[in-house]
Amino acid sequence: MLEIENVTARYGSLTALQDISFAAEPGARIGVFGHNGAGKTTLLRSIVGAHAPASGAVRLDGRAVVAGRVPENVRRGIAFVPQGHNVFPNLSVAQNMRIAGLLFDMRFAEDVMTIFPVLKERRTQRAGSMSGGEQQMLALGMALMTKPKWLLLDEPSTGLAPVIVRNVMRQLGEVNKMLGTGLIIVEQNVPATLKLVDRAIILKSSRVVLDGPAAQLSDNPDLWKWF
Ligand SMILES: Nc1ncnc2c1ncn2[C@@H]1O[C@H](COP(=O)(O)OP(=O)(O)OP(=O)(O)O)[C@@H](O)[C@H]1O
Ligand SMILES: [Mg+2]
């Protein structure tokens, strides 16, 4: 269980998150939406411990996630894929996977490559020469090498063509089903994300303005009024 309890986050005098609380059961699939500057990235950074909340707490399976101790939090099962292509461009796909699994079980790379067959096909290709979608798959594959309980993704569809976005979302669904990994996905592409997630959280100006079943949003033509 992942618990975010009354988290308030600041950058100097600017409040980026205000009294955010929600809990997520293992394996949950959550989409986080909201305008630019609403606090979405800050929320993910607070969950993995990369940003210290001014007040409140994040707990994983009952134990506090300590801010500033990102490697420890990753080992405990929280993986964070920041926005952009987080791969080592001059290394091959296989080398990237090995580095990602260094502190874990490198043999797991074969299982991850079964979920993302493109990584198996491109095993020896230099990561920087792969397409944007392929690099995104590699970044996801690398995050999975830490065997996370939770995968936090910051706008994984950025810069990808619609058909590739659908593919990424489908693969994330596979990861969730096959490995039981919980997903917290920050996205601008709301319709594509609603096909994957079962719960939606909308942030507006640092506060949660909606937290409910994703289906409720898909049938609600007024979705945009929250934004
Ligand atoms: N390192 C920082 N220093 C100062 N202010 C920051 C910093 N990071 C974010 N902020 C501010 O905090 C607020 C929330 O930012 P955050 O990046 O969490 O928003 P976001 O919802 O992810 O936006 P976007 O959709 O543009 O990625 C914004 O007003 C932003 O300017
Ligand atoms: Mg952001």
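Residues numbered from 1 in each chain as written. Chains lettered and ligands numbered in written order. Predicted model: local features only at pLDDT ≥ 70, side-chain atom pairs only at ≥ 80, totals over all residues. Heavy atoms only, no water.

Enquirer: Please provide a residue-by-residue account of helix α7 (residues 162-179), values included.
Expert: With 18 residues, α7 extends 26 Å between its outermost C-alpha atoms, agreeing within 8% with the 26 Å of an ideal straight helix rising 1.5 Å per residue. Turning to α7, its buried residues are Val 165, Val 168, Met 169, Gln 171, Leu 172, Gly 173, Val 175 and Asn 176. Where α7 terminates, the next one or two residues include Gly 180, which has phi positive at roughly 70 degrees. (Helix = DSSP H or I, 4+ residues; strand = E, 2+ residues; numbered from the N terminus. Expected span 1.5 Å × (residues − 1). Buried < 20%, exposed > 50% of the residue type's maximum accessible area, 1.4 Å probe, protein only.)

Enquirer: Can you break down the packing of aromatic side chains residue by residue, with the values?
Expert: Any pair of aromatic rings gets described here by the distance separating the centres and the angle formed by the planes. In total, this model carries 0 aromatic pairs according to the counting rule given. Geometry around Phe 108 places Lys 147 over its ring, the cationic atom sitting 4.7 Å from the centre. (Phe/Tyr/Trp six-rings, centres within 6.5 Å; stacked < 30°, edge-to-face > 60°. Lys NZ or Arg CZ within 6 Å of the ring centre and 35° of its normal.)

Enquirer: Give a detailed account of the site of ligand 1, specifying residues and quantitative values.
Expert: Near ligand 1 lie 13 residues; those nearest to it are Gly 37, Gly 39, Lys 40, Thr 41 and Thr 42. In the environment of ligand 1, an oxygen atom lies 3.0 Å from a nitrogen or oxygen atom belonging to the side chain of Asn 36. Thr 41 places a side-chain nitrogen or oxygen 2.8 Å from an oxygen atom of ligand 1. Protein contact buries 60% of the 630 Å² of open area that ligand 1 shows by itself. (Near = heavy atom within 4 Å. Polar contact = N/O pair within 3.5 Å; in protein donor to acceptor, adjacent residues only side chain to side chain. Areas by Shrake-Rupley, 256 points an atom, 1.4 Å probe, with all protein chains shown as cover.)

Enquirer: If you had to explain the sheet that holds strand β7 (residues 150-154) to someone new, which residues and values would you point to?
Expert: The strands making up a sheet associate through hydrogen bonds between their backbones, and the pairing can be parallel or antiparallel. If you trace the 6 strands from one edge of the open sheet to the other, you get β6-β7-β8-β3-β9-β10, paired in mixed fashion. The open sheet is flanked by β6 (78-81) and β10 (207-213), the only strands paired with a single partner. Ignoring which end each strand starts from, the neighbouring axes of this sheet average 15 degrees apart. Seen against the sheet, helix α6 (residues 132-144) touches β6 and β7 and runs at an angle of roughly 160 degrees to β6. Along the sheet, α7 contacts β3 (29-33), β7 and β8 (182-186); its crossing angle with β8, the most-contacted strand, is approximately 155 degrees. (Pairing = 2+ DSSP bridges. Axes fitted to C-alpha atoms, helices over the stretch in contact; angles between N-to-C directions. Contact = heavy atoms within 4.5 Å.)

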